[in-house]
Amino acid sequence: QSFFKPISNASPPSITKRHNKISVIGAGNVGMAIAQTILTQDLTDELVIVDNKPDKLRGEMLDLQHAAAFLPRVKINSSVEYSVTAGSDLCIVTAGARQIAGESRLNLLQRNLALFKGIIPLLARYSPETILIIVSNPVDVLTYIAWKLSGFPSNRIIGSGTNLDSSRFRFLIADHLQVNAQDVQACIVGEHGDSSVALWSSISVGGVPVLSFLEKQQIAYEKETLENIHKKVIDSAYEVISLKGYTSWAIGYSVASLARSIIRDQRKIHPVSVLATGFYGIGDDVEVFLSLPAQLGRGGVLGVTNVHMNQEEEQRLRDSAKTILEVQTQLGI
Ligand code: 6V0
C-alpha cells in the first residue's frame, strides 16, 4: 500500500539521472567530517559508511539520518560488511590508527599496512570500477599500497595528499597579506608531511605573481619569512592534534572538494597524491605516489599540470620522493 495514489493515466516513473554512490571507510573523526561535508554539499544520492565498530557505526549512521529533514534526500546506509559498498563510484578510505600527539606520520605505517590488506581488496572486489581516495596516514605510502592491493589503473587511485596542506598554506598567505584565501593561488607538492615542498616561485594573488611583484617593487622580503610560513603549514596538523586531539573539519572540506571534482566531473586542479613516475625528474622506473597538481574528473586523475618549478623546488621534490621511497624500501614493498 503506497502512501500516494497515482494520478490517472500516469506512466511509471523513469529515473534518468545517474545515481551516484559514495562509500566512506572509517567512521572516526575524519571519516564523519568527510561524510557530513559530502551530505551538506549534495554530492551523492547514496552514502555508505563502513567501520569495524558496529555500535559506533550505527550511532553515527542514525545521527546523520536524523538530519534528513534538513538535508537533500540521500540514502544513508552502514555496515561492518563490505558488500554494502557494492557498486560505489567513489570509495574514501579513512580507516586507520590515529596519529597521536608528537607521533610522525611514518610511524603509523606498520599499523595501517595490515589494516589495508583487509580493506582494499574487498573494496576492489565489490566496486571494480570505483575510484579510490586514500586519506589514512602516511597517505602517500598508503596510496601506493592501495594501488598495489587493488590492481586498479593509476588514474583511479588518489591520495588526499597536500590538498589540505595547500589550503593551510593559502590561509596563512591570505592572512599575512590580508586578502581572501580563494584569491591566493599557491600550491604545496611532494610528501604530505615533513618533506613537503612549497612552490613559492609560482604563487600569485588575483593573478599577480607575488615574488616577481615584490622584486619589481624592490620590496625586500626575507627568505626566512617564507620558510616560516611553510614551517607553520607543516606544524599545523601537530598543533591542532595537540590542542583538540585530532583534525577533522579542514580535512572534511578538503576531501569533499576532491569528491565534487570527481563526481561532478569539474576537471579542477588539486594538489593530490598521484603516481609520480616520470614527472619533474623522478625516474621512469620509480614507483612513488606524491602530490602534484593534478586535474580531477569523472575518470579520476585526468593529467598532471606542468607547473613552473625552479631548480631548488625540483630538487626538493625529488628529495621528498626519496623520503617516501626509503619508507617503502624499509617495509619491503
Ligand atoms: P579515528 O577517529 O581513530 O578513526 C579511525 C576509524 O577507523 C575508527 O572509527 C576505527 O574504528 C576505524 N577502523 C579501524 N580499523 C578498521 C578496519 N579494519 N575497518 C574499518 N574501520 C576501521 O581517526 P581519525 O578519523 O582522526 O583519522 C583517520 C586517519 O586519517 C588517520 O590515519 C589520520 O592520520 C588520517 N588523517 C589524514 C589526513 C590527511 O590530510 N591525509 C588528515 C587528517 C587525518
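Quick caveat: nothing in here was measured; it's all calculated off a predicted structure. (Residues numbered from 1 in each chain as written. Predicted model: local features only at pLDDT ≥ 70, side-chain atom pairs only at ≥ 80, totals over all residues. Heavy atoms only, no water.)

(A) The overall build of the protein chain, seen in detail. A tally of regular secondary structure across the protein chain gives 10 helices and 14 strands. Here the protein chain has a C-alpha radius of gyration of 21 Å; the compact-globule value for 333 residues is 20 Å, and the two agree. Over its C-alpha atoms, taken along the principal directions, the protein chain stretches across nearly 75 × 45 × 40 Å. Relative to its 333 residues, the protein chain shows a buried fraction of 49%. Here the contacts in the protein chain between residues at least 6 apart in sequence split such that 71% fall between residues at least 24 apart. Accessible area for the protein chain stands at about 16,800 Å²; split by element, carbon and sulfur atoms hold 52% of it. Looking at charge distribution, the protein chain has the averaged site of its 31 positive side-chain charges lying 8 Å from that of its 32 negative ones. (Helix = DSSP H or I, 4+ residues; strand = E, 2+ residues; numbered from the N terminus. Rg over C-alpha atoms; globule rule 2.2 N^0.38 Å. Buried < 20%, exposed > 50% of the residue type's maximum accessible area, 1.4 Å probe, protein only. Contact = heavy atoms within 4.5 Å. Areas by Shrake-Rupley, 256 points an atom, 1.4 Å probe, with all protein chains shown as cover. Lys, Arg positive; Asp, Glu negative; His and termini not counted. Charge placed at Lys NZ, Arg CZ, Asp CG, Glu CD.)

(B) Fine view of the nonpolar core. The biggest cluster of nonpolar side chains holds 81 residues, and the ones touching the most others in it are Ile38, Leu47, Leu90, Ile92 and Ile134. For Ile92, the residues in contact, after removing those within four places along its chain, are Ile22, Ser23, Val24, Ile25, Ile34, Ile38, Ile133, Val135 and Val255. Judged by nonpolar contacts, the second largest core, of 17 residues, contains Leu172, Ala198, Leu226 and Ile229. (Core = buried A, V, L, I, M, F, W, Y, C linked by side-chain atoms within 4.5 Å.)

(C) Fine view of unusual backbone geometry. Looking along the chain, the bond that leaves Asn137 and enters Pro138 is cis, with omega of -5°. For Pro138, the location among the structural elements is in the loop between strand E5 (131-134) and helix H5 (139-150). Located in the positive-phi region is Asn9, a residue other than glycine, with phi close to 60°. Examined against the element boundaries, Asn9 turns out to sit in the segment before strand E1 (21-25). In this structure, Arg267 takes a positive phi of about 55° despite not being glycine. Residue position: Arg267 is located in the loop between helix H9 (249-263) and strand E12 (268-275). Given a relative accessible area of 47%, Arg267 falls into the partly exposed group.

(D) Just the sheet that holds strand E7 (residues 184-185), in detail. The antiparallel open sheet is built from 3 strands, whose spatial order is E7-E10-E11. The open sheet has two free edges, formed respectively by E7 and strand E11 (208-209), since each of these has just one partner strand. The sheet contact formed by E7 and strand E10 (residues 204-205) spans 2 bridges and is antiparallel. Residue Val184 lies in a different strand from E10, and its bridge partner there is Val205. (Pairing = 2+ DSSP bridges.)

(E) Representation of the site of the ligand in the model. Contacts to the ligand come from 26 residues, most closely from Val30, Asp51, Val135, Asn137 and Ser160. Contact between the ligand and Asn29: an oxygen atom at 3.1 Å from a side-chain N or O atom of the residue. Between Asn52 and the ligand, the recorded distance is 3.3 Å, taken from a side-chain N or O atom to an oxygen atom. For the ligand, whose unbound accessible area comes to 870 Å², protein coverage reaches 89%. Grouping the amino acids of the shell around the ligand by side-chain chemistry returns 11 nonpolar, 11 polar and 4 charged. (Near = heavy atom within 4 Å. Polar contact = N/O pair within 3.5 Å; in protein donor to acceptor, adjacent residues only side chain to side chain. Nonpolar A, V, L, I, M, F, W, Y, C, P; charged D, E, K, R; others polar.)

(F) Structural detail: the environment of Val84. Position of Val84 relative to the elements: it lies in the loop between strand E3 (75-79) and strand E4 (90-93). C-alpha of Val84 to C-alpha of Gly26: the two residues are 58 residues apart in sequence and 14 Å apart in space. Residues within four places of Val84 in sequence aside, it is in contact with Lys21, Val48, Val50, Asn77 and Ser79.

(G) Structural context of the side chain of His192. As for its placement among the helices and strands, His192 is situated in the loop between strand E8 (188-189) and strand E9 (197-198). A polar contact is formed between the side chain of His192 and the backbone oxygen of Gly161, at a distance of 3.2 Å.

(H) Highlighting the pairing of E5. Both faces of E5 are covered, namely the face carrying Ile131 and Ile133 and the face carrying Leu132 and Ile134. Inspection of the sheet shows E4 paired to E5 by 4 bridges, in the parallel sense. In the strand pairing of E5, Cys91 is matched with Leu132. Bridge count for E5 against strand E6 (residues 157-159) is 3 bridges, and the pairing is parallel. The residue of E6 that forms the bridge with Ile134 is Gly159. Considered for its hand, the β-α-β crossover made up of E5, H5 and E6 is right-handed. (Right-handed = clockwise from strand over helix to strand, strands pointing away.)

(I) Quick look at the pattern of salt bridges. Scanning all chains against the criterion turns up 9 salt bridges. The salt bridge partner of Lys56 is Glu60, with a shortest N-O separation of 3.2 Å. You can see Lys56 and its partner Glu60 sitting in helix H2 (residues 54-65), 4 residues apart, about one turn around the helix. In this structure Lys56 comes out as partly exposed when scored by relative accessible area, which is 35%. Note that Arg318 and Glu314 form a salt bridge whose closest N and O atoms lie 3.2 Å from each other. Taken together, the residues Arg318 and Glu314, both in helix H10 (residues 311-331) and 4 residues apart, mark about one turn of the helix. Relative accessible area serves as the criterion here: at 27%, Arg318 is assigned to the partly exposed category. Salt bridges linked by common partners bring Glu227, Glu312 and Arg316 together as one network. (Salt bridge = Lys/Arg side-chain N within 4 Å of Asp/Glu carboxyl O.)

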